[in-house]
Amino acid sequence: MKINLISDTVTKPTPGMLDAMMNAKVGDDVFKEDPSVNVLEEQVAEMFGMESALFFPSGTMTNQTAIKLHTQPGDQLICDKYAHVYNYEGGGVSFNSGVSCRLVDGSRGMMTAEQVIAAINPPDFYHSPLSTLVCIENTTNKGGGACWDFEELKKIKTVCDDHHLAYHLDGARLWNALVAKQEEAQQYGKLFDTISVCLSKGLGCPVGSVLVGSKEMVTKAIRVRKVLGGGMRQAGFLAAAATYALGHHIERLSDDHRKAKEIGSLLSDVNYIKKVEPIETNIVIFEIDENYYSSEVFTTMLLQKDIHIISMGQGKLRMVTHLDYTDAMHDCLLHILPKL
Ligand SMILES: Cc1ncc(COP(=O)(O)O)c(C=O)c1O
């Protein structure tokens, strides 16, 4: 039995999702004539209490579009040193928007309002880049699925208002945070100028991300999406998968979280593990005690048992639980890990 824990993006559509896709009503979405995409966009905008939403093929494209909307070439955005927009979007911040990143040395991918204030360049000091945007990630990917304290997000919002900075949320895994912290999407809609949410991670869709914001922002986003080559035609097949997932796959995320915590607590007790990072959602980041094995040897030992995990660099390994990680796989993994 193959156990694939490299990411929550490895899932395949469920029979129910495939059924919804097969029965989708479609049209040409570039002409805004795809009924299933229109329904999805209205649904997500309503969930967040925001004016408008736009369907995209990927989370990278929603983030990159948001950054383009909020900045001018030469500007600087502020984000944590672990941020996906900085580390894992191929340098798109500079490629697409001509923007640099001011990295904050936060904790598990999260920074404080004081750190944000300290990272803002004085607007009248023309030698340094103009700070125009703060990007937050919730949950944090490289930070091990950590969830932000909402009060800190509110404090950062005040900082943004005081300093005329835009506020973007990379909510690729916001669904996990909403479930783990029992929060409402509307809380986030009230705080941020733009939010990107992914459908192809914990929610199990094959493709898709949605950008939410004001009508004005989304109208501008349509042009940026076009420039980036993200205008899709009969995208309703994909949107139908997303609408299905929003109805069927959010609450079950608590199951992924439970399994991740069980893996983490087991790992904490085995002798070859040096450290397990705190687990709040579906990501388990841990380090091997190199007196026992190197992380490469450990990964290879797992591979021989058809268990697939991923390295995050600097000796850190990652497992991510998801919709296709079944109870049987979980039992098997928990049985194997202590015996290695
Ligand atoms: C936090 C975060 N943001 C954005 C993305 C980008 O999503 P995509 O792979 O759909 O481009 C990812 C993907 O893993 C992510 O983890």
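Worth saying up front: this structure is predicted, and the values here are computed from it rather than measured.

### Digging into the overall build of the chain
Then, number 1: Helices and strands together make up the secondary structure of the chain, namely 14 helices and 13 strands.
Then, number 2: Dimensions along the principal axes, computed over C-alpha positions, put the chain at roughly 60 × 55 × 35 Å.
Then, number 3: Per-residue burial for the chain yields a buried fraction of 57% across its 340 residues.
Then, number 4: By sequence separation, contacts in the chain at least 24 residues apart represent 74% of the contacts at least 6 residues apart.
Then, number 5: As displayed, the chain offers around 14600 Å² of accessible surface, 53% of which is attributable to carbon and sulfur atoms.

### Side note on the nonpolar core
Then, number 1: Residues Phe48, Val134, Ile136, Tyr188 and Ile195 are the most contacted members of the largest nonpolar core, which totals 56 residues.
Then, number 2: The element best represented in this core is helix H11 (residues 236–248), accounting for six residues.
Then, number 3: Among residues more than four places away in sequence, those in contact with Tyr188 are Phe48, Asn138, Phe150, Leu153, Leu169, Leu174, Leu178, Glu183 and Ile195.
Then, number 4: Membership of the second largest hydrophobic core comes to 27 residues, among which are Ile279, Met319, Leu333 and Ile336.

### Some details on the site of the ligand
Then, number 1: For the ligand, the full set of nearby residues is Ser58, Gly59, Thr60, Asn63, His84, Glu89, Glu137, Asn141, Asp170, Ala172, Arg173 and Lys201.
Then, number 2: The separation between an oxygen atom of the ligand and a polar side-chain atom of Thr60 is 2.6 Å.
Then, number 3: Here Asp170 contributes a side-chain N or O atom positioned 2.7 Å from a nitrogen atom of the ligand.
Then, number 4: Considered on its own, the ligand offers 390 Å² of accessible surface; in the complex 84% of this is hidden by protein.
Then, number 5: The residue makeup of the shell around the ligand, split by class, is one nonpolar, six polar and five charged.

### So, the domain arrangement of the chain
Then, number 1: Annotation of the chain at the domain level lists domain 1 (3–9 + 252–339) and domain 2 (15–248).
Then, number 2: Relative placement of domain 1 and domain 2: their C-alpha centres are 28 Å apart.
Then, number 3: Counting from both sides, the interface comprises 18 residues of domain 1 and, opposite them, 23 residues of domain 2.
Then, number 4: Taken together, the two surfaces of domain 1 and domain 2 that pack against each other cover about 1600 Å², and 48% of this comes from carbon and sulfur.
Then, number 5: When the buried area of domain 1 at its contact with domain 2 is split by residue, Asp8, Leu253 and Glu280 rank highest and sum to 32% of it.
Then, number 6: If you look at where domain 1 meets domain 2, you find two salt bridges.
Then, number 7: The residue Arg108 makes a salt bridge to Glu280 at a minimum N-O spacing of 3.3 Å.
Then, number 8: Our enumeration of links across domain 1 and domain 2 arrives at eight residue pairs in polar contact (both at pLDDT 80 or more).
Then, number 9: Breaking the side of domain 1 that touches domain 2 down by element, the ones donating at least two residues are helix H12 (253–269), strand E10 (283–288) and strand E13 (316–320).
Then, number 10: The greatest single-element share of the side of domain 1 that touches domain 2, amounting to three residues, is contributed by H12.
Then, number 11: Of the residues that constitute the side of domain 1 that touches domain 2, the class distribution is six nonpolar, six polar and six charged.

### Remarks on the sheet that holds E10
Then, number 1: Pairing in this open sheet of four strands is antiparallel, and the strands run E9-E10-E13-E12 from one edge to the other. Each edge of the open sheet is held by one strand with a lone partner, namely strand E9 (273–276) and strand E12 (310–313). With strand direction ignored, the average angle separating the axes of adjacent strands in the sheet is 35°.
Then, number 2: Examined bridge by bridge, E9 and E10 share three bridges and lie antiparallel to one another. Paired with Ile273 across the two strands is Ile288, which belongs to E10.
Then, number 3: With respect to the sheet, H12 is in contact with E9, E10 and E13, its orientation differing from that of E10 by roughly 15°.
Then, number 4: Running over the sheet, helix H13 (residues 295–304) touches E10 and E13 and is turned about 30° from E13.

Basis of the calculations
- Residues numbered from 1 in each chain as written.
- Predicted model: local features only at pLDDT ≥ 70, side-chain atom pairs only at ≥ 80, totals over all residues.
- Heavy atoms only, no water.
- Helix = DSSP H or I, 4+ residues; strand = E, 2+ residues; numbered from the N terminus.
- Buried < 20%, exposed > 50% of the residue type's maximum accessible area, 1.4 Å probe, protein only.
- Contact = heavy atoms within 4.5 Å.
- Areas by Shrake-Rupley, 256 points an atom, 1.4 Å probe, with all protein chains shown as cover.
- Core = buried A, V, L, I, M, F, W, Y, C linked by side-chain atoms within 4.5 Å.
- Near = heavy atom within 4 Å.
- Polar contact = N/O pair within 3.5 Å; in protein donor to acceptor, adjacent residues only side chain to side chain.
- Nonpolar A, V, L, I, M, F, W, Y, C, P; charged D, E, K, R; others polar.
- Domains from an automatic or database assignment.
- Buried area = accessible area lost by both parts, 1.4 Å probe.
- Salt bridge = Lys/Arg side-chain N within 4 Å of Asp/Glu carboxyl O.
- Pairing = 2+ DSSP bridges.
- Axes fitted to C-alpha atoms, helices over the stretch in contact; angles between N-to-C directions.

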